Amino acid sequence: MAPKTSSATLRLKQDYIRLKNDPVPYVIAEPNPSNILEWYYVVSGPDDSPYAGGYYLGRLVFPRDFPFKPPSIYMITPNGRFKTNTRLCLSISDYHPDTWNPAWSVSTILTGLLSFMLENSPTMGSIEMTDYERRQLAAQSLESNVRDENFCELFPELTMTIQNEIEKRNLARANEEQSPNMDSSQPENNILHSVVYNSVVVVGFALFIYLVRYVLYNMNIE
């Protein structure tokens, strides 16, 4: 006799189909292939935010009686808004079962998470950083994610995109490092050219004087 499929499994499979048909802006998510109660998500920083250019991996852990109880929410990638690998206290997380609505789906959770991330209101698990510091972490998030096995396994297309972006950044950085060296060598080349030119002028003038004297000397002899 086949094992009975739990209501949580059925609901999460339905949510996954809905999420694929109607994606959440700036957020993608995939369940763990071996455990549908564990999902991983990636938030792409909106362009008008201090997280622009960053990719932030996180994790959702659903209870066996989902959707009647909310999931635990974690952020894995350093981001400057939430602590990493720490249960986040949000109205859509298991910190607040009293505010949870069973009608909410995975898409609702991801939409709410993005909204909380773009705010600055303090909560359990949040941290305070400047926009500059968050932009620095956004730039560093690329290398952080491609080193994460779950990220690379569940989001292969995004991994390739990030790897290409890293290569472009490294190439641009190498070109910037070469430019000052080329600029610093330019004055030396100018000085060398000036010395050579002056030397030629002096030698030419000396030859001219010698030639004039030679002609005058011969005229006097005649």
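Thresholds, definitions, all that
- Residues numbered from 1 in each chain as written.
- Predicted model: local features only at pLDDT ≥ 70, side-chain atom pairs only at ≥ 80, totals over all residues.
- Heavy atoms only, no water.
- Helix = DSSP H or I, 4+ residues; strand = E, 2+ residues; numbered from the N terminus.
- Contact = heavy atoms within 4.5 Å.
- Salt bridge = Lys/Arg side-chain N within 4 Å of Asp/Glu carboxyl O.
- Buried < 20%, exposed > 50% of the residue type's maximum accessible area, 1.4 Å probe, protein only.
- Pairing = 2+ DSSP bridges.
- Axes fitted to C-alpha atoms, helices over the stretch in contact; angles between N-to-C directions.
- Core = buried A, V, L, I, M, F, W, Y, C linked by side-chain atoms within 4.5 Å.
- Expected span 1.5 Å × (residues − 1).
- Phe/Tyr/Trp six-rings, centres within 6.5 Å; stacked < 30°, edge-to-face > 60°.
- Lys NZ or Arg CZ within 6 Å of the ring centre and 35° of its normal.
- Parallel < 35°, antiparallel > 145°, perpendicular 65-115°, else oblique.
- Nonpolar A, V, L, I, M, F, W, Y, C, P; charged D, E, K, R; others polar.

K.L.:
Tell me about the side chain of serine 107, and name the residues and values.
P.N.:
Residue placement: serine 107 occurs in helix H2 (residues 106–118). Setting aside chain neighbours within four positions, we find serine 107 in contact with Leu19 and Val24.

K.L.:
Can you explain the pattern of salt bridges? Please cite residues and give values.
P.N.:
Close approach of charged atoms allows side chains of opposite charge to pair. Overall, the coordinates contain seven salt bridges when judged by the stated rule. Ionic pairing is found between glutamate 38 and arginine 59, a salt bridge with its closest N-O pair at 3.0 Å. Taken together, the residues span a long stretch of sequence, with glutamate 38 in strand S2 (residues 35–44) and arginine 59 in strand S3 (residues 55–61) at a distance of 21 residues. One salt bridge connects arginine 87 with aspartate 94, and the closest N-O pair in it is separated by 3.4 Å. Relative accessible area serves as the criterion here: at 33%, arginine 87 is assigned to the partly exposed category. The class of aspartate 94 is partly exposed, set by a relative accessible area of 23%. Within the structure, one salt-bridge network assembled from shared partners comprises Arg11, Asp15 and Arg18.

K.L.:
An account of the sheet that holds strand S1 (residues 27–32) is requested, with residue identities and associated values reported.
P.N.:
In spatial order, the strands read S1-S2-S3-S4; together these four strands make up an open sheet with antiparallel pairing. Strands with a single pairing partner mark the edges of an open sheet, and in this sheet they are S1 and strand S4 (72–75). Shown here is a sheet whose adjacent strand axes are inclined to one another by a mean of 25 degrees, direction ignored. The pairing of S3 with S4 spans four bridges and is classified as antiparallel. Along S4, the bridge assignment pairs valine 61 with serine 72.

K.L.:
An account of the nonpolar core is needed here, citing residue identities and associated values.
P.N.:
One recurring pattern in soluble globular proteins: nonpolar side chains tend to sit buried together. In this structure, Trp39, Tyr41, Leu60, Phe62, Ile73, Val106 and Leu110 are the most contacted members of the largest nonpolar core, which totals 29 residues. Residue assignment for this core shows that the elements contributing at least two residues are helix H1 (7–21), S1, S2, S3, S4 and H2. Considering each element in turn, this core owes the most residues, six residues, to H2. Contacts of leucine 110, omitting those with residues within four sequence positions, involve Leu19, Val24, Val27, Ala29, Tyr41 and Leu60.

K.L.:
Break down H1 for me, with residues and values.
P.N.:
The first and last C-alpha atoms of H1 sit 21 Å apart over 15 residues, in line with the 21 Å expected at 1.5 Å per residue. Its buried side turned inward, H1 meets S1, S2 and H2.

K.L.:
Summarise the packing of aromatic side chains; cite the residues concerned and give the values.
P.N.:
Applying the stated criterion to the full structure yields seven aromatic pairs. Between phenylalanine 66 and tryptophan 100 the ring centres are 6.0 Å apart and the planes differ by 45 degrees, which places this aromatic pair in the tilted class. One end of the pair, phenylalanine 66, is in the loop between S3 and S4; the other, tryptophan 100, is in the loop between S4 and H2, with 34 residues separating them in the sequence. Residue classification places phenylalanine 66 among the buried positions, given a relative accessible area of 0%. Taken together, Tyr16, Trp39, Phe62, Phe66, Trp100 and Trp104 form an aromatic cluster joined through their ring pairs. In this structure, arginine 59 is placed above the aromatic ring of tyrosine 74, and the distance from its NZ or CZ to the ring centre is 4.7 Å.

K.L.:
Any chance you could break down the environment of leucine 19 for me, citing the residues and the numbers?
P.N.:
One can find leucine 19 in helix H1. Distance from leucine 19 to valine 106, taken between C-alpha atoms, is 7.6 Å for residues 87 residues apart in sequence. With near-sequence residues (within four places) excluded, leucine 19 lies in contact with Val24, Ala29, Trp39, Val106, Ser107 and Leu110.

K.L.:
If you had to explain the packing of H1 against H2 to someone new, which residues and values would you point to?
P.N.:
Packing of H1 against H2 brings their axes to within 8 Å, and their N-to-C directions diverge by 60 degrees. The angle between H1 and H2 falls in the class oblique. Between H1 and H2, the residues in contact are Leu12, Asp15 and Leu19 and Val106, Ser107 and Leu110, respectively. For the contact of H1 with H2, a count of residues per class yields four nonpolar, one polar and one charged.

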